[in-house]
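Given next are the chains, with one letter for each unit.
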Protein chains: 2
Amino acid sequence: MKIIVTGGAGFLGSRLIELLLRRLDAGEPPIPFDRIVSLDLAECPVADPRVSSVVGDVASPELLDREVDEDVLGIYHLAAVLSGGSEENFDLALRVNVDGTRALLEAARRLGTAPRLVFTSSLAVFGGDPPEVVPEEWAEQPDSTYGATKAVGELLVNEYSRRGHVDGRICRLPTISVRPGRPNSAASSFASGIIREPLNGERAVCPVPHATRMWLSSPRAAVANLAHALEVDGERIGPWRGMNVPGICVTVGEMLDALERIGGDQARSLVDDAPDRSVMDIVCSWPGEFEVQRMLELGFVRDRSIDRMIRQYVEDFAPGAGRPAGQDEAGAETA
Amino acid sequence: MKIIVTGGAGFLGSRLIELLLRRLDAGEPPIPFDRIVSLDLAECPVADPRVSSVVGDVASPELLDREVDEDVLGIYHLAAVLSGGSEENFDLALRVNVDGTRALLEAARRLGTAPRLVFTSSLAVFGGDPPEVVPEEWAEQPDSTYGATKAVGELLVNEYSRRGHVDGRICRLPTISVRPGRPNSAASSFASGIIREPLNGERAVCPVPHATRMWLSSPRAAVANLAHALEVDGERIGPWRGMNVPGICVTVGEMLDALERIGGDQARSLVDDAPDRSVMDIVCSWPGEFEVQRMLELGFVRDRSIDRMIRQYVEDFAPGAGRPAGQDEAGAETA
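Here the structure is a predicted model, which means the values were calculated and not measured.

(A) Focus on the pairing of strand 2 (residues 35-40) of chain B. Residue and element names in this part refer to chain B. When you tally the buried positions in strand 2, you get five out of six residues, the bulk of the element. Summarising the sheet, strand 1 (residues 2-6) and strand 2 pair through five bridges and their orientation is parallel. For Thr6, the partnering residue across the bridge sits in strand 2 and is Leu39. In this view, the connection linking strand 1 to its parallel neighbour strand 2 by way of helix 1 (residues 11-25) has right-handed handedness.

Rendered as structure tokens:
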């Protein structure tokens, strides 16, 4: 039996696949799968005989109908056009984030087995003027195309769940920091760049005011939470399947202070302030903190501190990091 | 220049067209149109040389592309599969309420003129466990296919507005009572039936507990509010275009008491209680009251009392009603 991961070639997708395989290696995975299929525009980088990579358009109903077959035990739907890319290309965002999600839900519905389906959403579904700490029943009034298309995806996943076509689990992920590699099209890409580039001796630009509150999750905590989202009993989630995945609330100024503590004056001096209206318009509309007590009780985890998140990046990814990425998902707080 | 009304053959649509024509007759309509095009599966019943009726599938992109041309000054999108029908036919609800709305938005976008577009939504977008009085920023967690598809439509209208493709106005209408005619596929159809049938000497069934709180609007107030929604300055609405159209909060028991006051013991005795789980599952998940102060300040109106709403029905529609339907939209409270 297989698990499908759309976006399996991406950063979170490939790390999630690695974590699922480690759980399989450890024996008795909570979901009895024995192989993983990545659906993505690119080849999944995880080299393992239990992983197969289908390269193609994840919004294609034909591809989805072919791959979503009776062997499917669970589905992760991570593939999406991100915030910056969605703002630039409205039609592509609608096609991939809305039509692609619906095509996947239809393919899953045709199975008749109501497979578990984890859909990654984002705090970008919120906008307007949110309270300091956002409760679970706060209105989604997205200020961005990415947020709007993700909010539509959430409603579709919920409704297909309510009707018993899938067993949906919607994970509104915090901004992931610190990501390795190069900037991506997310408007929040700087939230990794202002730490990563200076630690690698490169200059970075901070496009938002230092008082901007960010809701952050390390890659380790995010991947651990995605694994948990497939495993948790749907009944415990309740009828509404939207979940604010735990993060920690940190201002950009606090991130820069932590950079200085860990990388020294020299690293800190490599960050230049250059306010960018197009980034601010998107990122500053996102809430900085969420009520997550119920999520922690459901077994989701969160990071302990921004310092620890930066040290994780150094351990896992910085040039000369000693051990393979994602060797464990420790360093996160359980309920 | 023309106004398009999808669903123009329906009860609200045809009364809205009549009201728009009366405003035109009175001179200087706030929006300088000179004709109205109804798009509906049925012929628009309003006989007036300024009204043309296009009969066809309102979810057809071809039909929409043909009719939404450079003469369009404003669009009302009222056509939808209602709550009972949506629950019965999921695919039809998705096709009409989601795909149809998107096709209309695309047709409007191609004009390049950002026409005003009024989209009727419903309190059915809410679900779960709403507070006694629902604030403007309460989460939409629909418990029905109708609510889910309307919530998706809202997000699309908002996003097309935010991007400047249309100037959208989303009217979440209360349950309309008292409607004339026969029951329709809305799960809330009883909210008219338990008044209308007894006043016409027929038996009616009450499928929900008497303590059920309903958020009601008379046809007159609803139509006046739809007319106002096209006229109001978009800047005054603000960036988020979702609006809870004012109604009044009345329990089903209070409706039956008012029926007795107006129709006497005999009318009241014609209502039989017969709890219906399928109706309760939908209707009892809807909120009973909303914060509407801002809406009243924007010039929207609401009814004064359930007694007055029932008397309006008798005046406008009951057998032997002396004057044409909707002669005026008085009897509603202004801000």
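(B) Up close: the relation of the copies chain A and chain B. At an RMSD of 0.0 Å, chain A and chain B line up after a rotation of 180 degrees and a shift of 0.0 Å along the axis. In symmetry terms, the pair is related by a two-fold rotation axis. Among all residues of chain A, the one whose C-alpha sits closest to the rotation axis is A:Ala139, at a distance of 1.8 Å. By residue overlap, the copies meet face to face through one surface: 100% of the interface positions of chain A are interface positions in chain B.

(C) View of the environment of A:Val178. Residue and element names in this part refer to chain A. Of note, Val178 is situated in the loop between strand 7 (175-176) and helix 6 (190-199). For the pair Val178 and Pro32, spaced 146 residues apart in sequence, the C-alpha to C-alpha distance is 32 Å. Those residues in contact with Val178 that lie beyond four places of it in its chain are Ser192, Ile195, Arg196, Met309, Ile310 and Tyr313.

(D) Quick peek at the sheet that holds strand 11 (residues 248-251) of chain B. All names here are of chain B. Strand order in the open sheet formed by three strands is 7-9-11, and the pairing between neighbours is mixed. The sheet is open, and its two edges are formed by strand 7 (175-176) and strand 11, each paired on a single side. Where strand 9 (residues 213-217) meets strand 11, four bridges bridge the pair, whose relative direction is antiparallel. Bridging from a neighbouring strand, Met214 pairs with Val250 of strand 11.

(E) Spotlight on helix 5 (residues 145-162) of chain B. Residue and element names in this part refer to chain B. Helix length check: helix 5, at 18 residues, gives a terminal C-alpha distance of 26 Å against a target of 26 Å (1.5 Å per residue), a fit within 8%. Across the 18 residues that make up helix 5, a large majority, 18, are buried. Looking one or two places after helix 5, you find Gly164, whose phi comes out positive at around 80 degrees.

(F) Structural detail: helix 9 (residues 252-268) of chain A. Residue and element names in this part refer to chain A. Helix length check: helix 9 (17 residues) gives 12 Å between terminal C-alpha atoms against 24 Å at 1.5 Å per residue, more than 12% under. Where helix 9 bends most, at Ile262, the angle is about 105 degrees. Within the sequence span of helix 9, burial applies to Val252, Met255, Leu256, Ala258, Leu259, Gly263 and Ala267. Of the surrounding elements, those touching the buried residues of helix 9 are helix 6, strand 8 (204-206), strand 9 (213-217), strand 11 (248-251), strand 12 (271-273) and helix 12 (306-316).

(G) Molecular detail of the interface of chain A and chain B. The partner chain B presents 16 residues to the 16 residues of chain A that form the contact. Looking at the side of chain A that touches chain B element by element, the count peaks at seven residues for helix 5 (residues 145-162) of chain A. In the side of chain A that touches chain B, the residues fall into eight nonpolar, four polar and four charged.

What counts and what doesn't
- Residues numbered from 1 in each chain as written.
- Chains lettered and ligands numbered in written order.
- Predicted model: local features only at pLDDT ≥ 70, side-chain atom pairs only at ≥ 80, totals over all residues.
- Buried ≥ 20, exposed ≤ 12 C-beta atoms within 10 Å, placed from the backbone.
- Helix = DSSP H or I, 4+ residues; strand = E, 2+ residues; numbered from the N terminus.
- Pairing = 2+ DSSP bridges.
- Right-handed = clockwise from strand over helix to strand, strands pointing away.
- Least-squares fit on C-alpha atoms with pLDDT ≥ 70 in both.
- Contact = placed C-beta atoms within 7 Å.
- Expected span 1.5 Å × (residues − 1).
- Bend = angle between axes of the 7 residues up to and from the residue.
- Nonpolar A, V, L, I, M, F, W, Y, C, P; charged D, E, K, R; others polar.

Keep in mind these values describe shape, not function.
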